[in-house]
Each structure stands twice: as C-alpha cells, then as structure tokens.
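# Structural features, examined
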2 protein chains.
Amino acid sequence: MPRRILVIGAGKSAAYLLHYLLEQAQAEDLEVEIADKTVDHLPETIARHERCRVRSLDISDEQARRAAVKEARLVISMLPPSLHLEVAKDCLAFGKNLVTASYISEGMRALDQEVRDKGLVFMNEIGLDPGIDHMSAMQVIDRIKARGGKMLLFESFTGGLLAPESDNNLWNYKFTWNPRNVVLAGQGGAAKFIQEGTYKYIPYHKLFRRTEFLEIQGYGTFEAYANRDSLSYRLAYGLENALTLYRGTMRRVGFSRAWNIFVQLGMTDDSYRIANSKGMSYREFVNLFLPYSPTDSVELKLRHYLKIDQDDIIWGKLLELKLFDANRKIQTPNASPAQVLQEILEASWMLSPEDRDMIVMYHKFGYLLDGKKYQLDSNMVVVGENQRLTAMAKTVGLPVAMGALLILNQQVKKPGVQIPIQAEIYEPVLKTLAENGIAFREYEVPYLGYNPDSVAS
Amino acid sequence: MPRRILVIGAGKSAAYLLHYLLEQAQAEDLEVEIADKTVDHLPETIARHERCRVRSLDISDEQARRAAVKEARLVISMLPPSLHLEVAKDCLAFGKNLVTASYISEGMRALDQEVRDKGLVFMNEIGLDPGIDHMSAMQVIDRIKARGGKMLLFESFTGGLLAPESDNNLWNYKFTWNPRNVVLAGQGGAAKFIQEGTYKYIPYHKLFRRTEFLEIQGYGTFEAYANRDSLSYRLAYGLENALTLYRGTMRRVGFSRAWNIFVQLGMTDDSYRIANSKGMSYREFVNLFLPYSPTDSVELKLRHYLKIDQDDIIWGKLLELKLFDANRKIQTPNASPAQVLQEILEASWMLSPEDRDMIVMYHKFGYLLDGKKYQLDSNMVVVGENQRLTAMAKTVGLPVAMGALLILNQQVKKPGVQIPIQAEIYEPVLKTLAENGIAFREYEVPYLGYNPDSVAS
C-alpha cells in the first residue's frame with residue numbers, strides 16, 4: 001500500500017508542491033491526497049494522475065477532517081495560517097507528522113512538548129520567507145562557525161517582484177501573493193532591529209522612508225524596508241552576540257517612497273470602516289484624507305499636503321492607479337481604508353496571463369576570523385513561468401514538498417514543533433532546490449558592516 | 001441630620017469641588033465626607049471644617065466601600081475613570097445618586113436601564129471637557145432651535161494652557177493635568193469629523209499637521225488639532241443634519257508642529273518596552289529612532305531625517321528639553337518610548353508654585369434662520385490662582401459640585417445614566433458658574449463656515 005501524503009488546501013501556491021510530489025510518487029511509493037473545499041480548479045495533469053486522489057473537504061467539518069488525517073502517513077497544511085492549529089491537533093491525536101509553510105503561532109508552539117513526547121515532527125516555516133531564508137542563512141552561519149568564525153552581522157532581505165520583461169508599470173510592482181498582506185505590510189508595531197550594537201526602532205509611518213539599497217548582479221538595484229521584528233530569530237540562529245541584525249522586504253527602488261503617500265494619507269488603516277464606501281469614487285476616497293476646501297482641487301490639496309513637486313515621478317504613479325478618477329467607483333461596501341486601497345490596487349496590479357514574477361533573496365554575513373573581519377554576500381533569483389506557475393508558488397511549494405519527503409523517509413528525525421534550521425533538513429533541501437533551479441550565488445566582499453574604516457567623521 | 005455627600009477620591013482636582021460644597025454646607029444642610037486612600041494631603045481649611053468628615057478608604061475594599069456609599073445621600077466619584085464602575089454598582093445597590101466628571105464607559109452605560117428603573121440620576125461628563133463644553137454648547141443650540149434656526153455647523157475647542165504671565169517656555173506649555181494623557185493624546189485610531197457634509201479622516205501621524213487657527217479676543221491666536229471622534233455627540237446634541245462637526249484641542253501656535261517631531265520619531269509609542277531604558281541618556285534615547293552612523297551626530301541625523309532647518313524655532317524647543325544631553329539619564333526601567341518622553345517632559349514642564357494655568361474654550365455655531373446664514377462664536381477663559389488652585393481644578397470641580405447639589409435638591413429629575421445636556425441641569429449650572437467667574441462671551445460674526453462665498457475657485 002503506497003504511503004499517503006494528505007495535502008489540505010490546494011490553492012494557488014500548491015501547483016509546484018503537487019507536481020513535485022507526484023513526480024516522485026512512483027519512485028517513493030507515494031499516494032497524494034488533495035483535500036479542499038472545492039477541487040474543480042485542479043489541472044487534469046494533477047487531478048487525473050494515477051497516484052493522486054482528491055477529496056472534497058470542509059475544514060470545519062471535524063469528523064471528515066479527522067478521518068482524512070487518520071488515513072494519511074503525513075499531512076501538509078497549505079491552509080491560511082489561522083486554520084493550521086485544528087489540523088495540528090488532529091495530527092497529534094493520530095500520531096501523524098505535519099508540514100506547513102507558515103509562521104509558528106502561539107497555539108502551535110504550545111503543542112511542542114506533546115509533539116516531542118510522541119516523537120513526531122511538526123515542521124513549520126519551510127516555504128520561501130519564512131523557509132528558504134532560514135535554511136540558506138543557517139547553512140552559511142553554521143559553516144562560518146565551523147571554521148571558527150564569530151558572527152558580527154546578519155542581514156536578510158526577500159522580495160516577491162516582477163521579472164524584467166513583465167516589470168512594465170511605474171510602480172515596478174504587481175500582486176504575486178496575497179494583496180491584503182501587501183497593503184497591511186509593516187503595521188502592528190514599530191520595526192525593531194540592531195545595528196552595531198545599538199537598538200533601533202522605526203514607527204510604521206516612517207518605515208517606508210528608512211530604506212536601504214541593495215545591488216543584485218545582473219538585476220540592478222533594489223531597496224528594502226525593515227521587517228517588524230528582526231530580533232525574533234536571534235536565538236534560533238545562534239546570533240546572540242552579533243552586533244547587527246536586520247531583516248527586510250525588497251522592492252524596486254522608488255516603490256517605498258510612493259507607497260509612503262498611502263501611509264501618510266491614512267489609506268492603509270484597517271481599523272475603522274467607511275460607512276458610505278460603496279459607490280464612492282476613487283477621487284472622493286482620496287478627498288476623505290484631505291482638508292476641506294470649497295475651491296481647491298483634490299490634486300492641489302494632495303500635492304501641498306504631502307509636498308509633492310509637479311515633476312515628481314510619484315505623481316505619475318498615482319495617476320497610473322486612476323486615483324483622481326471621479327468615475328471609477330468603489331465596489332466594497334462598508335470598507336476600511338485598507339480594503340478600498342486594495343480594491344484600487346487590484347484593478348491595476350494583477351498579473352496578466354503571460355506575466356512572469358521574480359523572487360529575490362539577499363543575505364549579508366559579517367564575521368570575525370583569526371582577528372580579521374570578512375563579509376560574505378549571497379543571493380538568489382528565481383523567475384516564474386507565467387501567471388499560474390509563479391516563482392512564488394515554486395519557492396514556497398518545493399521546499400514544503402522536499403521537507404515532507406525527508407520527514408516521511410525519516411531522514412529528518414529531531415522531533416518537536418520546529419523550523420528548518422538543522423543541518424539534517426537544510427542540507428538535503430537546499431541541494432535538491434539547487435537541482436530545481438533555486439540556488440544561491442555567493443560573493444566574498446570587503447567587510448563593510450555599518451562602520452567602514454574609510455569614513456572619517 | 002445633615003445630608004451627607006460622599007466624595008470618593010480627593011486628588012488635585014478636588015480642591016474647588018470641596019471648597020464649594022463646604023461653603024454651601026450650612027445653608028444646604030450638608031455634610032461632606034471625603035474618602036480616599038490617604039487624606040493627609042488635605043488642607044486644614046477643609047479637613048478641619050465642621051461640616052467635613054474624612055475617611056481613609058481603600059477603594060478595592062468592597063465592604064468598606066459599600067459601607068461608605070450606604071451612609072451617603074449622594075456620591076461623587078473623582079477616582080480615575082476605570083474605577084467608577086464599582087462605585088456605580090454600589091450606588092445602584094443602595095439607591096444613591098452618582099456624579100462623575102468622566103466619559104461614560106461601556107460598563108457605565110450598561111447600567112442605564114437599572115438606574116432608570118430605580119429612578120436614580122447617574123450624572124457623568126460634568127467637569128470641564130467633557131462637561132462645561134456640553135452645557136455651554138447645548139444652551140446655545142437649544143436657543144437657536146427654539147428661535148426656529150437650523151444648525152449647520154458646530155465646532156468646539158478646549159485647551160488647558162498657561163496664563164500669559166506664566167507662559168514662559170518655548171513650547172508655551174506646561175503640565176496642568178495628567179501628563180500621560182498629554183503624551184498619548186490622539187492615539188488609538190484616526191480622527192473623524194465632517195466638514196460641509198464630507199467625512200474627513202486624519203491618521204495619528206498627521207494629526208498635529210492639520211491644525212486650525214483660532215483668535216480669542218484679548219488672548220491672541222491659538223491652534224487646535226482634531227479630537228479622535230468629533231461625531232460621538234452628533235445624536236446627543238441633536239446635530240444629525242449639521243454639515244460640519246469638529247471638536248479639537250487647543251494649544252498655543254507652534255506647539256503642534258514641534259510635538260509632531262516626537263510623533264514622527266516614534267517617541268509617543270506606548271506599545272513596546274525599551275529593555276535598557278534605565279540609565280540611558282536622553283541623547284541615546286533620541287538615537288534609538290535615528291539611523292545608525294559611525295560618524296554623523298545625533299543632531300545632524302535628526303535635522304536631516306525630519307528636515308529641520310538650522311534656524312527653525314523647533315530646534316530651540318528640543319534644546320530647551322535637553323533632548324541631546326548625554327549626561328541626563330532616564331530613571332524609569334523597562335519603559336515604553338512614551339513613558340521616557342513623559343519623564344523628559346516632566347523635568348521641564350512642571351508648574352512652579354506661583355505659576356497660573358489658563359483654560360480656554362471656544363465654540364462656533366453656524367445656523368440657518370429665515371433663509372439666512374448666521375454664525376455665533378462663544379468663548380470662555382479662566383485663569384488659575386497658582387500651582388494648586390488651578391483653573392483646571394476649578395473648571396472641573398465646580399460643575400461637579402453644582403450638579404451634585406441640583407440632584408440632591410431634586411431640581412434635576414430625569415433619571416438614568418446621562419450627561420448634562422438637559423436644560424434642567426445646564427441652565428442653573430451655567431448661571432452659578434458665571435457667578436463664580438466661569439462665563440462665556442458671545443460674538444455674532446459673519447457666517448463663514450467652510451464655504452465662504454467670497455472665495456472664488
């Protein structure tokens with residue numbers, strides 16, 4: 001009887017995951033069962049594969065969910081993060097291993113002792129970011145430490161962007177993932193990091209004005225804004241003594257400065273509802289955030305309020321979104337400003353069928369070895385095939401699939417609720433990813449850190 | 001047996017309240033019982049007054065609290081807002097009327113039906129703001145409506161500031177009330193109001209850059225920033241059809257532009273703790289919010305970050321607070337940025353013994369009468385005596401005392417959890433306030449609203 005892997009939730013991000021598992025199914029003696037509310041959207045190559053079964057499953061139907069989990073050898077949950085926990089409890093009840101690409105929630109973490117006691121592996125954060133970032137960082141950090149190096153600096157940046165040939169709007173950006181997450185990015189508290197031993201805090205309303213620049217050979221210049229908490233993996237990565245820890249999100253240069261317009265206006269606020277949003281024009285929406293005037297135009301009020309010069313490229317970006325259009329109407333009733341903004345952006349930033357996305361990741365490692373400072377930079381670029389087969393789906397789905405196989409084959413043995421920072425998982429996954437075109441390039445560069453000797457005060 | 005009024009909580013704001021009640025005690029046959037954790041701070045003129053009793057009371061001691069409430073005819077709670085509810089429940093249990101100067105909380109509002117059923121009066125928001133603002137506004141609104149006028153516009157502004165002779169720092173500001181409330185002012189959601197029929201929203205980080213100017217005859221120019229929710233009294237005031245509703249907080253001109261520096265830096269954030277705050281210098285604190293540099297000074301980084309010109313008066317305001325001092329140390333351990341900022345400001349903004357504070361209030365009423373538009377402006381200025389006998393304590397305490405007497409004498413009859421918007425309370429209170437030097441001046445002015453005909457587009 002083949003070994004059954006249950007994949008719960010088969011959305012956009014599951015295409016590569018399912019392809020990879022089915023490709024290995026014969027050799028690895030697998031059966032892949034896909035369980036989702038609706039399974040009609042699955043391509044025939046998957047749904048009709050002889051090693052594939054599909055099951056219509058309502059995740060809130062406890063009995064059906066438990067029955068599906070019980071019959072599997074291992075469970076992959078590709079559900080929205082808030083829904084993992086119920087599945088995890090089922091896995092615990094029936095003694096099944098679990099793999100997710102999501103951040104470990106409080107509830108998930110609380111299961112750790114029970115998971116260990118049963119000798120199970122609940123592997124989380126094994127997608128792209130979090131996922132490939134953990135694995136690629138730990139591989140280098142462990143290598144530096146093994147050589148006797150002492151980590152001084154770690155910076156890590158990831159971006160879900162567009163391949164150059166599809167990078168054809170003024171924002172250099174389209175939605176390749178959950179639009180709502182993009183609109184709300186950075187909210188919920190100040191960004192926290194440490195530079196040269198000094199803690200630094202950036203409030204949300206300044207986040208998009210404190211960007212750093214990054215070069216990726218062959219792909220030009222990018223910018224990055226700080227993630228909310230760069231210190232969260234300090235212990236897990238063994239970087240307690242590093243002087244600089246910074247994690248950020250990459251965009252093409254100029255995106256953040258323009259995005260800041262929305263932040264400053266208050267358009268990314270998700271905390272209250274606009275009662276009369278449905279039927280409101282884009283122009284009226286903008287005017288909600290500007291002072292009243294009986295005479296002055298929305299345009300001039302906005303330019304003056306945020307000091308936007310007449311020839312500033314930001315203006316073109318706002319026009320591209322039709323932001324001042326009095327005829328375009330908002331559809332969402334009783335929407336928060338963030339929901340309205342998302343609706344406006346979705347009208348402009350959707351991938352067309354042939355658009356190709358691009359994932360970029362960039363790490364900087366600074367370290368001390370034999371009394372000398374060194375720096376190693378590494379980066380990864382992955383380009384998607386089209387609107388459906390995105391680099392995002394590939395880089396999220398493949399490590400999940402590879403991690404699941406390693407766990408199924410007991411090559412990953414450490415039990416517990418965990419993330420992929422052990423060599424037993426990152427070494428084989430990174431090797432197999434590289435065979436599938438997801439590889440890092442490394443560059444030895446002069447140590448710069450944040451305190452280059454060459455700068456005089 | 002004299003009629004006992006129980007005053008729970010006898011802090012800074014209670015001086016005028018107690019004086020007033022004791023002044024009336026003989027004529028009104030009152031006994032004033034003061035209950036507080038410690039009562040040592042009471043001046044002898046109060047504590048030894050023949051009509052005064054003091055009782056040491058721990059508010060969390062339910063039995064003692066209930067005993068005190070039971071023996072009174074009416075209860076005045078001057079406790080922090082979060083503590084009113086327990087007292088309110090005691091009042092309900094023993095059938096006592098209650099007076100507070102605080103906003104009606106959800107919990108308090110939930111008692112309304114029971115309070116009505118028992119024929120009790122729980123009068124809240126009868127201090128300064130809220131309090132005198134409600135009463136003085138409703139008196140004019142009711143008068144306009146009685147004449148057949150239709151309200152078009154209502155704007156209301158209050159400020160706790162300094163008398164001109166004590167207005168001797170660059171901020172034109174000192175703490176005359178709870179410093180924490182000043183530091184956190186405006187947080188917790190976007191400001192919402194309506195201008196000429198259009199809803200307007202201001203996010204916190206823009207609040208202090210969207211001020212309005214106001215003139216008060218004899219006192220010069222003031223500025224005002226919007227309160228969080230100007231729409232909350234729309235129904236209570238009967239202003240459902242008014243095109244403009246705006247409530248704001250008054251400061252001297254220039255305060256908000258300088259305060260905005262703290263907001264922009266993130267220093268007013270109360271949502272996280274700085275682990276190493278104790279012993280940190282003021283200068284290091286500022287540097288937490290600025291980019292790292294091995295060479296550039298905190299001063300230049302701040303000037304550049306927030307674009308502060310060399311000759312901008314804002315800079316003098318920051319220097320006056322010793323913000324860049326490397327020798328002044330923060331005392332509070334594990335403090336939020338807001339707590340540190342409060343500590344820094346308290347070192348600079350405390351009233352000296354002879355300092356006099358000043359309360360200003362300003363209303364604008366726009367209305368339509370017989371097809372014509374009119375505007376009535378009214379304002380009130382009250383100057384304090386010294387650090388202890390402040391205009392703040394007077395304007396908060398006196399209406400509470402007067403309201404309590406009216407309720408005790410059954411001149412206010414409407415039962416329920418309420419605010420002072422009925423003529424039966426605002427007429428006698430405003431009259432008695434005027435006899436005590438708290439009076440409004442009214443000015444008929446040309447109707448301007450926000451859409452003056454004289455401005456052409």
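Residues numbered from 1 in each chain as written. Chains lettered and ligands numbered in written order. Predicted model: local features only at pLDDT ≥ 70, side-chain atom pairs only at ≥ 80, totals over all residues. Heavy atoms only, no water.

## Considerations on the packing of helix α10 (residues 255–265) of chain A against helix α13 (residues 313–320) of chain A
Residue and element names in this part refer to chain A. Inclusion rule: To get an axis, fit a line to the C-alpha atoms, keeping to the stretch in contact for a helix; angles then go from 0 to 180 degrees between the N-to-C directions. Helix and strand definitions follow DSSP, with helices as H or I runs of at least four residues and strands as E runs of at least two, each counted in order from the N terminus. Note on convention: near helix rotated counterclockwise from far helix by under a right angle means a left-handed crossing. Clockwise means right-handed. Contacts are residue-level and defined by heavy atoms, with any inter-residue pair within 4.5 Å sufficient.
Packing of α10 against α13 brings their axes to within 10 Å, and their N-to-C directions diverge by 60°. For α10 against α13, the interelement crossing comes out right-handed. When α10 is examined against α13, the residues F255, R257, A258, I261 and F262 are found in contact with a partner set consisting of I313, I314, K317 and L318.

## Quick word on the environment of B:S82
Residue and element names in this part refer to chain B. What counts is decided by this rule: Buried means the residue's accessible area, taken with a 1.4 Å probe over protein chains only, is under 20% of the maximum for its type, while exposed means over 50%, and partly exposed covers the values in between.
Inspection of the secondary structure assignment puts S82 in the loop between β4 (74–77) and α4 (84–94). For S82, a relative accessible area of 65% gives the class exposed. Taking the C-alpha atoms as reference points, S82 and F94, separated by 12 residues in sequence, lie 21 Å from one another.

## Describing the relation of the copies chain A and chain B
Here is the rule we go by: The copies were overlaid with a least-squares fit restricted to C-alpha atoms from residues scoring a pLDDT of at least 70 in each copy.
Screw-axis analysis of chain A against chain B gives a translation of 0.0 Å along the axis, an RMSD of 0.0 Å, and a rotation angle of 180°. Classification of the inter-copy transformation places it as that of a two-fold axis. If distances are taken from each C-alpha of chain A to the rotation axis, the shortest is found for A:H205, at 3.3 Å. An overlap of 100% is found between the interface residues of chain A and their copies at the interface of chain B, pointing to a shared contact surface.

## Brief notes about the pairing of strand β8 (residues 191–195) of chain B
Working note: regular strand, side chains alternate between the two faces of the sheet. Residues and elements named next belong to chain B. Heads up, the rule is: We treat two strands as partners when DSSP finds at least two bridges between them.
In terms of burial, β8 is largely enclosed, as 4 of its 5 residues are buried. Inspection of the sheet shows β8 paired to strand β9 (residues 198–202) by 5 bridges, in the antiparallel sense. Of the residues in β9, the one forming a bridge with Q195 is T198. Hairpin remark: β8 followed by β9, antiparallel, with 2 residues in the connecting loop; positive phi at E196, about 50°.

## Details of the side chain of B:D377
Residues and elements named next belong to chain B. So the rule is basically this: For the charge count, each Lys or Arg is scored as positive and each Asp or Glu as negative, with His and the chain ends excluded. Salt bridge criterion: a side-chain nitrogen from Lys or Arg within 4 Å of a carboxyl oxygen from Asp or Glu. Polar contact criterion, stated in full: a pair of N or O atoms within 3.5 Å, where within protein one must be able to donate a hydrogen and the other to accept it, and residues adjacent in sequence count only if both atoms are side-chain atoms.
Along the chain, D377 turns up in strand β14 (residues 372–383). Of the buried charged residues, D377 lacks a salt bridge, with K364 as the closest side chain of opposite charge at 5.5 Å. A polar contact is formed between the side chain of D377 and the side chain of Y362, at a distance of 2.6 Å.

## Some details on helix α13 (residues 313–320) of chain B
Residue and element names in this part refer to chain B. Where we set the bar: To be clear, the arc concerns the directions from the helix axis to the C-beta atoms.
Where α13 is concerned, the buried positions are I314, W315, K317 and L318. Buried residues in α13, looked at end-on, bunch into an arc of 155°, giving them a common side. The inward-facing, buried residues of α13 contact α10 (255–265) and α12 (298–305). Near the N-terminus of α13, the side chain that reaches the backbone nitrogen of I314, with its oxygen 2.9 Å away, is that of D312. Positive phi shows up at K322, right after α13, with a value of about 60°.

## Overview of the sheet that holds β4(B)
Residues and elements named next belong to chain B. In space, the 7 strands of this open sheet follow the order β3-β2-β1-β4-β5-β6-β15, with parallel pairing throughout. If you trace the sheet from one side to the other, it starts and ends with β3 (52–56) and β15 (416–418), each paired once. Direction aside, neighbouring strands of the sheet carry axes that sit 15° apart on average. Sheet analysis places β4 next to strand β5 (residues 97–100), joined by 4 bridges and oriented parallel. Residue pairing in the sheet places I76 in a bridge with V99 of β5. Most of the contacts of α4 go to β5, to which it runs at about 160°, and overall it touches β1 (3–8), β4, β5 and β6 (121–123).

## A short note on the packing of aromatic side chains
All names here are of chain A. The criterion, for reference: Working definition: a ring pair exists when centres of Phe, Tyr or Trp rings (six-membered ring for Trp) sit within 6.5 Å. Plane angles under 30 degrees give stacked, over 60 give edge-to-face, the rest tilted.
Counted by the stated rule, this structure contains 49 aromatic pairs over all chains. Judged by centre distance (5.6 Å) and plane angle (65°), the rings of F154 and Y237 are edge-to-face. Residue F154 is located in strand β7 (residues 150–162), and its partner Y237 is located in the loop between β11 (220–226) and β12 (244–252); the two are separated by 83 residues in the primary sequence. The exposure classification of F154 matches that of Y237, with both residues buried.

## Overview of the pattern of salt bridges
Residue and element names in this part refer to chain A. As enumerated under the stated definition, the model contains 48 salt bridges over all chains in all. Measuring nitrogen to oxygen at the nearest pair gives 3.3 Å for the salt bridge that ties E28 to R3. In this pair, E28 is assigned in helix α1 (residues 15–28) and R3 in strand β1 (residues 3–8), connecting sequence segments 25 residues apart. For D90, the salt bridge is made with R65, and the minimal N-O distance between the two is 2.6 Å. Remark: R65 occurs in helix α3 (residues 62–70) and D90 occurs in helix α4 (residues 84–94); sequence separation between them is 25 residues. Accessibility assignment for this pair places D90 and R65 in one class, buried.

## Some details on the pairing of strand β10 (residues 212–216) of chain A
Residues and elements named next belong to chain A. Burial along β10 is one-sided: E212, L214 and I216 are buried, while F213 and E215, pointing the other way, are not. Here β10 runs beside β11; their pairing, made up of 5 bridges, is antiparallel. Paired with E212 across the two strands is A224, which belongs to β11. Connecting β10 to the next strand, β11, in antiparallel fashion are 3 residues, including G218 with a positive phi near 90°.

## Topic: the domain arrangement of chain A
All names here are of chain A. This is how it is decided: Reported domain spans reflect what an automatic or database domain assignment gives. Using a 1.4 Å probe, buried area is obtained as the accessible area two parts lose upon being combined, added over both of them. Lys, Arg, Asp and Glu make up the charged group, whereas Ala, Val, Leu, Ile, Met, Phe, Trp, Tyr, Cys and Pro make up the nonpolar group; the residues left over, Gly among them, are polar.
One can read the domain layout of chain A as domain 1 (3–124), domain 2 (132–258 + 353–390 + 439–445) and domain 3 (275–349). Computed from C-alpha atoms alone, the centre-to-centre distance between domain 1 and domain 2 is 29 Å. Taking both sides of the interface into account, the surface hidden between domain 1 and domain 2 amounts to around 580 Å²; carbon and sulfur atoms contribute 54%. Among the residues domain 1 hides against domain 2, the three largest losses belong to K12, Y16 and Y103. Together they make up 63% of the total. Here domain 1 and domain 2 share 0 salt bridges between them. Connecting domain 1 to domain 2 are 0 residue pairs in polar contact (both at pLDDT 80 or more). In terms of residue class, the side of domain 1 that touches domain 2 is built from 4 nonpolar, 1 polar and 1 charged.

## Notes on empty space enclosed by the protein
Residue and element names in this part refer to chain B. So the rule is basically this: The pocket and cavity definitions rest on a 1 Å grid over protein atoms only: a 1.4 Å probe that fits but cannot leave marks a cavity, an open set with protein on both sides within 12 Å along at least five of seven lines marks a pocket, and residues lining either have an atom within 4 Å of a point. Grid points are joined across faces, edges and corners, and a volume is the space filled by probe spheres set on the points.
Scanning all chains against the criterion turns up 5 cavities of 30 Å³ or more. The volume enclosed by the largest cavity comes to roughly 50 Å³. For the lining of the largest cavity, the element with the most residues is strand β12 (residues 244–252), which contributes 3 residues. Partitioned by chemical class, the residues of the lining of the largest cavity number 6 nonpolar, 1 polar and 2 charged.

## Considering the sheet that holds strand β15 (residues 416–418) of chain A
Residue and element names in this part refer to chain A. Read from one edge of the open sheet, 7 strands run β3-β2-β1-β4-β5-β6-β15, paired in parallel fashion. Two strands lie at the open edges of the sheet, namely β3 (52–56) and β15, each paired on one side alone. The sheet shows a mean angle of 15° between the axes of neighbouring strands, direction not considered. As paired elements, strand β2 (residues 30–36) and β3 share 5 bridges and run parallel to each other. In the sheet register, D36 faces β3, and the bridge partner there is S56. This element, α3, spans β1, β2, β3 and β4 (74–77) of the sheet and lies at about 165° to β3.

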